[in-house]
Structure formats: structure tokens, C-alpha cells
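# Chain and residue survey
Residues per chain, in single letters:
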Amino acid sequence: MRVDLLTEPVDGLAELLAAVAAFDQVLVTGLLRPHPAQAAGLAELADAVAGSPLAGRVAEAAEKAAAGAAGEEHFVALAAARTALLGAAHDALAARAAEAVGRTVGPAPDFSPGEPQAANLSAAARSWLCELGRAGWQGIDHELVSGAAQIVSAMLPDPGLRRLAVLLDGFAAELAASCPGATLEHIPLRRWADLWSRALLLTQPGAGGPAPTGSAAGRLLPLGVDLQEHATAAQAQVHAVLEPADGSPSRLVRASVAVPKPDTVVGAGVWQLLRPHLSLLAALGEGRSMEITDLPITDEGDLIWNDAQARAGESADPFATARVALAAAQLPTTAPLDRHPVRIAIPLLLEGYRTEGDGDAVAFTLAGAPGWVRIAVDTDRIPSAGPLTPAAVAASTACIGLLRWDAGEFTVQPLAVETTVRKKTVAVHSGAWAGGTTDKLGAKGEKAATEAVAVLRERAGRLLRK
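These notes cover the structure that comes with them. Here the structure is a predicted model, which is why all the values come from computation and not from measurement.

Right, let's talk about the side chain of T379 for a bit. Tracing the chain through its elements places T379 in the loop between β10 (372-377) and α13 (390-394). Excluding anything up to four places from it in sequence, T379 contacts D360, V362 and P390.

In C-alpha cells form, the structure reads like this:
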């Protein structure tokens, strides 16, 4: 592993991100009556894509927007330019990360547009997003933001529009919580511009999510689970090595499940909501492999899970899998619209490091060329729904994690660590409670979740009876 590559600068990345930041600043005050500084930011974005097929359209869009005369097609062109730049950043960073961990990326598939969407609803969403672009983040108010509610309600029943609907719903909720924009002291420029640009592109015909293009069969060896939790939703994404039954090269795959949740269900109780939808979580918690048969899979390595096509296999220790099978597993490709630095999440095994810091500020120092290399550990991503803690990471001797890129540097998100307890090596996994637990703290969380869900179901039943 060439860890020193993770700290070396990537050519052109700083200039690219500067162009993105310049455009993000344009959206602060909006494009209804642009100022000279906004015109400069638009010109910087256009210059950054001047050598690409987007050059003509983006140059025209920047000129129209600077004059306060941008139409929907111009906003889409600007969003496309911004997305293309971040896609280029993703490609450069992903290539650097793959080189550093000594892994190869699978062949890139041909892009196939998704199914056509309901044109009227997509147009309504696009119109609302363009109004946001004109108003800017400082110009948002409840009347403007509430315009998304009716669009989202109409989209949700259509599976082909659900991806866009959920994005708009969450985006509008964030904006509503920040109204009025004129009083905001801090604006999450990159995040809101990301959501705005992505939503605009998803309103275009054929821009739906990647469809399954094949099937997977063989032995699935779990490495760990990335749990993401919000007040009203939770998602678990299991990273695993697939050893195909046909003898083809092993590959890294993912299996995900997302569920709505009451805001009273927190900690270990979240597994109770996720577990019934993904038997792989139980296998992960028990330290077992799974045998899968003809599971649909996308070119990006996402399994479309169906419990009927999977059964529990033999014991499979994630650290044994990481030491024996991880290095030879091909990395998945990334769908065109998903190319963004935040999507980089490469499973890796780290050993022989020294730890620095205490509390939540932890870093690994590994041997590199010419000397030791420091890599920050993202302890904020460690979920409270498992026994893994920053203290356990700080005392560890080996780590299975996800290599990510955030805030200008590569970081490691721990999924599991090996540490020494009473002179014995013990593995601590973030998903250890995914299949259930007798651990005192985990069992307490499960019990509280059971009681909370029971009360909510009883209240919901009472309302329905009325």
C-alpha cells in the first residue's frame, strides 16, 4: 500500500475546486439581479469547462445569467458544468486512492439512459429549482420553499420519480428550517449547491437511477456496515467481497436498505427497523458469509437484495476476509451522475500503524515513503448503534475502514478494529449488534425501540379507527 500517495497533491484539483466554489458563491444572493462579482464567478465556471463539449452551452448560460436573463435551459447548463467538474475531481481522487491501496477498478459500462419520466412533474420541479437559483440562499422564504410540497406529493407515488422526490423533500426541509435566508449567519454553500445541481439534472429525461444490468451468484463475505441515521430515516449499507460462482474475479459489492423511522428510535434500536428487510445484517452480526443466487446487480456493484435469493453460509471473519480476499477484489465503477468526491468509499485494511490523539480526534500514522504518513480518522461517522467507539479505535492495532475524501484530505471511516483486551486480541465491529445482541447497552436500546414502536403503532391504530 502506498499511503504516501494519499497526502500528495492532485494536479489541477485546487483550481477545479476554486471554480466550483466561485459558482457556489454566486448562488448566495441569486441570479435575479446579478452583481459584478457574480458575473466573475459565472465566467470562472465557464472557463473551467472551456475545453469540454459543454463549453458552448455553458458560455451562453453564463452570459445570460450574468445579465439576469437566464432561462431554465441555462440553469441546467450551469448545473451540468458544476457536476462535470466535481465528476472530474471524483475520477482523479478515485484513481489516486485506487493506486494507493493497490486495487484495480472494474471496466466502465456503457451508459444507458433511464426510463422517461412524467414530463409535467419534472418540469414543475425544474421550475421550482430555477426560482431558487434566482432568489439565492439569502432570498429564500417560507412561501418559496413551500412550493416544493405539492410537487413532491405528486411525485412520490411514481417509482420512477421517487429518487428525485425524496431529494426535493429533504432539500426543501433543510431550506424551510433555515428560513428566512436573509438572517442566516452560516450557509452550507457546497451542500446546498450539490443538492440544487443534482436535483436539476435529475429532472432531465432519462436521468433516473442505474437499473440492474446483471445477476450475481456466489459467496458473499461481509466486511462491515456503514450506518447513516437521521431524525426520520436510517440507511445501512453493507460492504462485502463477492466470490462469483462462475470463478470470475472477485469484486467489491454493496447491499443497502433504507427505512423511515420515528425520531424516538435511536442507537441500537435502529437495527430493529432495518433487520427485517435485509437478512445480510443478521449474517454480519453473527460473523457469517451468505450464499446468493441470481440477485440483480447494477454495474456499480449495488445488489438489489431479496432474502428469497440468499441463505446463510459458513462462518466468515471480516478480518480474515480483509487479509485474504480484499486485495484481489475489483473496485466498482461509478454511475455518471454519482461521480462526486463524497461518493468515494473504498474498503481497506490498515495494520502496523501508530495512533495519535485522544477523545474524538484520532489519526493513524503509517510507514510510507520517505517517512511516516498521517491519515485522519473520521470518528464522527462511527454510529452509536454499535460497540465501536473512538476510544476503541485509538487503542486499536488493525482497522477495516472506508477510505474517503472530505474537506481537502483523505480520511478513514472505521467499520471494525482489532484491539487488545486482557492480553487477547478482540475484534470490535460497528455492526456487531445488527443481528441482535445480549450486550447490556445494545439490549437496552432494542428494548426502548420496541416500546417506542409499540406505542406509535397503538396511536396510529387509534387514529385509523377514528
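Once that is clear, we can look at the side chain of T321. Secondary-structure assignment places T321 in helix α12 (residues 318-324). Exposure remark for T321: the relative accessible area of 6% places this residue in the buried category. Other than its neighbours up to four places away in sequence, T321 contacts L221, L223, V241 and L326.

Turning next to the nonpolar core. Counting residues in each nonpolar core, the largest one holds 109 residues, and the members touching the most others are W128 and W196. Considering each element in turn, this core owes the most residues, 16 residues, to helix α4 (residues 72-101). With residues up to four places along the chain from it excluded, the contact list for W196 reads F23, L27, F75, A79, L129, L132, G133, W137 and F171. A216, V257, I297 and A434 belong to the second largest nonpolar core, which has 34 residues in total.

Under the defined criterion, the tally for this structure stands at six aromatic pairs. Between F23 and W196 the ring centres are 6.3 Å apart and the planes differ by 40°, which places this aromatic pair in the tilted class. With F23 in helix α1 (residues 13-29) and W196 in helix α9 (residues 189-202), the pair connects residues that are 173 residues apart, well separated along the chain. Each member of the pair F23 and W196 is classed as buried. Clustering of aromatic rings is evident, with ring pairs tying together W128, W137, F171 and W192. The positively charged end of R354 is found above the aromatic ring belonging to W372, 3.8 Å away from the centroid.

On to the pairing of strand β7 (residues 346-351), then. Of all six residues that make up β7, five are buried, and the element is covered over most of its length. Both β7 and strand β11 (residues 396-406) contribute to a ladder of six bridges, which runs antiparallel. Bridging across to β11, L348 finds its partner in G401.

At their nearest, the axes of helix α5 (residues 119-135) and helix α7 (residues 147-155) sit 10 Å apart, and the two run at 155° to each other. The orientation of α5 with respect to α7, classified from their angle, is roughly antiparallel. Note that α5 runs across α7; the crossing there is left-handed. Where α5 approaches α7, its residues L121, S122, A124, A125 and W128 are matched on the opposing element by G147, A148, I151, A154 and M155.

By the element assignment, L189 lies in helix α9. Looking at L189, the relative accessible area reads 23%, which means it is partly exposed. Once the C-alpha coordinates of L189 and A21 are considered, the two residues, 168 residues apart in sequence, prove to be 8.2 Å apart. Ignoring anything within four residues of it in the chain, the contact list for L189 reads D24, Q25, V28 and W137.

What follows concerns the environment of A55. The topology assignment puts A55 in helix α3 (residues 55-66). Here the alpha-carbon distance between A55 and A81, two residues 26 residues apart in the chain, equals 8.7 Å. Look past the residues within four positions of A55 in its chain and what remains in contact with it is V49 and A50.

Our next topic: the environment of G102. Looking at where G102 falls in the secondary structure, it is placed in the loop between α4 and α5. On the basis of relative accessibility, which here comes to 56%, the residue G102 falls in the exposed class. Sequence-wise, G102 and R323 are 221 residues apart; in three dimensions their C-alpha atoms are separated by 14 Å.

Turning to unusual backbone geometry, a few remarks are in order. For residues that are not glycine, phi is negative in most cases, and the peptide bond is trans in most cases. The step from C179 to P180 runs through a cis peptide bond, and the omega angle for that step is -5°. Relative to the helices and strands, P180 is located in the loop between α8 (162-177) and α9. Although it is not a glycine, R422 sits at a positive phi angle of roughly 55°. Within the secondary structure layout, R422 lies in the loop between β12 (409-421) and β13 (424-429). You can call R422 exposed: its relative accessible area is 81%.

Criteria and thresholds
- Residues numbered from 1 in each chain as written.
- Predicted model: local features only at pLDDT ≥ 70, side-chain atom pairs only at ≥ 80, totals over all residues.
- Heavy atoms only, no water.
- Helix = DSSP H or I, 4+ residues; strand = E, 2+ residues; numbered from the N terminus.
- Contact = heavy atoms within 4.5 Å.
- Buried < 20%, exposed > 50% of the residue type's maximum accessible area, 1.4 Å probe, protein only.
- Core = buried A, V, L, I, M, F, W, Y, C linked by side-chain atoms within 4.5 Å.
- Phe/Tyr/Trp six-rings, centres within 6.5 Å; stacked < 30°, edge-to-face > 60°.
- Lys NZ or Arg CZ within 6 Å of the ring centre and 35° of its normal.
- Pairing = 2+ DSSP bridges.
- Axes fitted to C-alpha atoms, helices over the stretch in contact; angles between N-to-C directions.
- Parallel < 35°, antiparallel > 145°, perpendicular 65-115°, else oblique.
- Left-handed = near helix turned anticlockwise from the far one by under 90°.

Nothing here speaks to function; it is all geometry.
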